[in-house]
Amino acid sequence: MMSTVTQDPPANALARITLRNGFYGALLVVLALVPLAAQLAGAGNWTSFATQILIFAIAAVSLNLILGYGGMISFGHAAFMAIGGYSVGIASVYGLNNGFAHLAMAIGFSALFALVTGAIALRTRGVYFIMITLAFAQMVFFAFVSLEEFGGDDGLTVNSRSEFAGLIDLEREPTLYYTVFVVLLATLYLTHRIVNSRFGWVIRGARSNEARMLTLGHPVYRYRLTCYVIGGIMCGVAGFLFANYANFVNPEDAAWTTSGELIFMVVLGGMGSLFGPVLGAIVFFMMEETVGSIPIVGIYWKIFFGPFLVLVVLFAREGIDGWLVPRAVKASDAALADAIAPLARRLAAMLIDVALFALSAWLLIAVLGGWLMTLPRQPYHQDLVMIACVYVFLAGILVNHLVLPASKWRGSAGKIAMGLAVVGGDGRTLAPAQAVQRVFGQVLTIATALIGYVWMVADREHRALHDRLAATRVVVRGRLK
Amino acid sequence: MKQPVLQIKDLQKSFGGVHATDNLTLDVTPNEIHAVIGPNGAGKTTMIAQLSGALMPDDGQIVFAGRDITRLPAYRRSHLGLARSFQITSVFLDFSCLENVSLAVLAHQGHAFRFWRAVRGDRTLSDPAMASLERVGLADRADIRAANLAHGEQRQLEIAMALATEPSFLLLDEPMAGMGQSESARMIETLNTLKRDKTMLLVEHDMDAVFALADRISVLVYGQVIATGAPDDIRNNDAVRKAYLGDEAGDA
Ligand SMILES: Nc1ncnc2c1ncn2[C@@H]1O[C@H](COP(=O)(O)OP(=O)(O)O)[C@@H](O)[C@H]1O
Ligand SMILES: [Mg+2]
């Protein structure tokens, strides 16, 4: 019997590694520059916001070791956040501010909790494992709620941050940020070593086919338990950092909602990819910040996060990280080569769109807002009108970037004005799903400090990140056959 | 007669009301290929699963190399020299061929509590893994993902993985299932060369293969061995003809 299976071309494999690594490399550079940029821009809260993101990124990376590589769907990972956090909080109640002691306790208690609960939970499979990890985390939640002397359900204020014998001053925001950044790098490196080691292979093998691993002679249970403990410790350290960041610990840190958010981050970023959870954490908080700040619906922003996650799972099983693997180039793509839009024209189109937004925002705020001011003072009435304006503005963005490109006009207002069109790799008008994907891609491009636009310059077909993700090209209308 | 290396005594296993294994008794002597044949649903896979430790018997005893392994966990049996290949291909689909076999080599090399050094490029794993792939004729497919292999190749990979744990005893559950003729011939050849230093319990539907390879054949019907003997005896056994071989006996 002849084999009809095609061989994976190695050249292609190299190309995808380069694209992905290039993106993550640029992301790390941007992250390293956050405090500097914040200082230049005079926006101190950027550093604080980024600190929070990176702490959750550490927690998400640690969950990914268990969930993504190990295939153990833990719904109780946030318990380790709380254990690490309360190690700082309770110690400081007794006047113990030594950071080394805090860290040792965070690691020790997390390891112990992981060992005991993991030993029990890992005897179960599937839904039972999910439920039992959830139950253990809820036990931690209620334990801290019932500890009245440590704040009960009000939480506990951490009066002074962990002290490291004058070596590191966590009270300084940039120092705290870089400490978190370095811990994240260390966590990533450690995870990288682990998943590629013999131990990591056994863990990944057990995720792929447990029965086979057992038959081959691997005592899967003890490897999984070890993996669970390592992930728990990493997350305990994230909890230690979070208590220092927030100066506050709270039973909520262990709640199932926090565990659920961590799962969101991992799935969104890409299970079983090293950097995926970091991306997931960034996009999660960016969405919380942007969507969450929209009046009215913002309160319920997580309702939008659900469908968003479903879309991610539908369009990119491997999460955002999976998008970073460019699709194979089809023969039909070559036909578009002559029509690719020059950079200058694209830039002009972009500027037109931006100008359009600025103009409409100005119209809404200055003109309409000015007119509102002249009205008799009716605060409630004014608020309502302003809220309506925000929605009009958002609807405008959606029409311009989602509806227009998928319609027969094939592009945003700026592109139409510059005679450009967005098309699929086959030269056709975008399908609605593809247009949605492109908008998500644009969110990612912007959310990661415009890194995605860098490719536009480097790429032969001038595709930005979102073009790559949605497999689209921007072409000159007249040159399209 | 040589001392048996594997003894199955009065083994019992039922699923609900179905007696999949019903008072099963069977011996395998060193370096023989002992074939087990029987109609679909006779309990062949269930028997193999109990021998490999994937299923625990309700009652009875399994003795391997003089040791009672009836309740031994599956992973411990592998280290005693028992290896199993699966009827329904059970490989690591998202790993390459070489990686699949490397996971098997890894199991044979003792514990894997090593967290730092990368597996890729570790010759102590890849060399034996490659040797196993060569044995079954898959060496040129080493870097292909198992999911992208043709069916016959996946069957070969099954065997390569079982071999990589350097077993003395192979439990083979229909290794030729779904193979083309040339692939089957190649597999028969491979198993024949293994015969020198390995004992095999071979469950197989392909009668040509069974009669070409087996030293002894046992016939399993409704979870029970109804006959054991040399291939010629089995071919001419009336009870067997009636219960199982039927028309096929004529062809074989
Ligand atoms: N896990 C199981 N649960 C319930 N019944 C099973 C299970 N495994 C096998 N059986 C039943 O046991 C009998 C023997 O099955 P099996 O060992 O697969 O037969 P064979 O391999 O000889 O075709 C069949 O009737 C089958 O339906
Ligand atoms: Mg079977």
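Before reading further, recall that the structure is shown in the block above.
Residues numbered from 1 in each chain as written. Chains lettered and ligands numbered in written order. Predicted model: local features only at pLDDT ≥ 70, side-chain atom pairs only at ≥ 80, totals over all residues. Heavy atoms only, no water.

**Considerations on the overall build of chain A**
1) Next: When its secondary structure is counted, chain A shows 20 helices and four strands.
2) Next: At 25 Å, chain A has a C-alpha radius of gyration in line with the 23 Å of a compact globule built from 481 residues.
3) Next: With the C-alpha coordinates aligned to their principal axes, the bounding extent of chain A is approximately 85 × 70 × 40 Å.
4) Next: In chain A, buried positions account for 51% of the 481 residues.
5) Next: Counting only contacts in chain A whose residues sit at least 6 apart along the sequence, the fraction spanning at least 24 positions is 76%.
6) Next: With an accessible surface of roughly 21600 Å², chain A has 69% of that area assigned to carbon and sulfur atoms.
7) Next: Within chain A, the 25 negative side-chain charges are centred at a point lying 16 Å from the centre of the 32 positive side-chain charges. (Helix = DSSP H or I, 4+ residues; strand = E, 2+ residues; numbered from the N terminus. Rg over C-alpha atoms; globule rule 2.2 N^0.38 Å. Buried < 20%, exposed > 50% of the residue type's maximum accessible area, 1.4 Å probe, protein only. Contact = heavy atoms within 4.5 Å. Areas by Shrake-Rupley, 256 points an atom, 1.4 Å probe, with all protein chains shown as cover. Lys, Arg positive; Asp, Glu negative; His and termini not counted. Charge placed at Lys NZ, Arg CZ, Asp CG, Glu CD.)

**Quick look at the pairing of strand β2 (residues 18-28) of chain B**
All names here are of chain B.
1) Next: Alignment of strand β1 (residues 6-15) against β2, held across eight bridges, turns out to be antiparallel. Looking at the pairing, Lys 13 lines up with Thr 21 of β2.
2) Next: Once β1 ends, the chain turns through two residues before running back antiparallel as β2, passing Gly 16 with a positive phi of about 60°. (Pairing = 2+ DSSP bridges.)

**Structural notes on the sheet that holds strand β6 (residues 82-85) of chain B**
All names here are of chain B.
1) Next: In space, the six strands of this open sheet follow the order β6-β7-β8-β3-β9-β10, with mixed pairing throughout. Among the strands making up the open sheet, the edge pair consists of β6 and β10 (224-229). On average, adjacent strands in this sheet sit at an angle of 15° to one another, irrespective of strand direction.
2) Next: Sheet topology note: the strand β9 (residues 216-221)/β10 ladder contains five bridges and is antiparallel. Its bridge partner being in β10, Leu 220 is matched across the sheet by Val 225.
3) Next: Across the face of the sheet, helix α6 (residues 181-194) comes into contact with β3 (33-37), β7 (169-173) and β8 (199-203) while running at roughly 150° to β8. (Axes fitted to C-alpha atoms, helices over the stretch in contact; angles between N-to-C directions.)

**Describing the packing of helix α3 (residues 44-69) of chain A against helix α12 (residues 276-290) of chain A**
A packed helix pair is summarised by two numbers, namely the angle formed by the two axes and the spacing between the axes.
All names here are of chain A.
1) Next: Where α3 contacts α12, the axes come no closer than 8 Å and their chain directions differ by 135°. Of the possible angle classes, the one that applies to α3 and α12 is oblique. Here α3 and α12 pass one another in a crossing that is right-handed. Here Phe 49, Gln 52, Ile 53, Phe 56, Ala 57, Ala 60, Val 61 and Asn 64 of α3 come into contact with α12, specifically with Pro 277, Val 278, Ala 281, Ile 282, Phe 285, Met 286 and Glu 289.
2) Next: For the contact of α3 with α12, a count of residues per class yields 12 nonpolar, two polar and one charged. (Parallel < 35°, antiparallel > 145°, perpendicular 65-115°, else oblique. Left-handed = near helix turned anticlockwise from the far one by under 90°. Nonpolar A, V, L, I, M, F, W, Y, C, P; charged D, E, K, R; others polar.)

**Remarks on the interface of chain A and chain B**
1) Next: Contact with chain A, which involves 31 residues of that partner, is made by 45 residues of chain B.
2) Next: Contact with chain B buries area across many residues of chain A, yet Arg 198, Trp 201 and Arg 212 of chain A alone supply 27% of it, more than any other trio.
3) Next: Summed over the shared surface of chain A and chain B, the number is two salt bridges.
4) Next: One salt bridge in this structure joins Asp 122 of chain B and Arg 198 of chain A, with 3.1 Å as the shortest N-O distance.
5) Next: Counting the contacts that link chain A with chain B gives 20 residue pairs in polar contact (both at pLDDT 80 or more).
6) Next: Of all the elements in the fold, those that place two or more residues in the side of chain A that touches chain B are α7 (173-196), α8 (198-208), α9 (210-216) and α10 (220-246) of chain A.
7) Next: The element that contributes the greatest number of residues to the side of chain A that touches chain B is α8 of chain A, accounting for seven residues.
8) Next: The residue makeup of the side of chain A that touches chain B, split by class, is 14 nonpolar, 11 polar and six charged. (Buried area = accessible area lost by both parts, 1.4 Å probe. Salt bridge = Lys/Arg side-chain N within 4 Å of Asp/Glu carboxyl O. Polar contact = N/O pair within 3.5 Å; in protein donor to acceptor, adjacent residues only side chain to side chain.)

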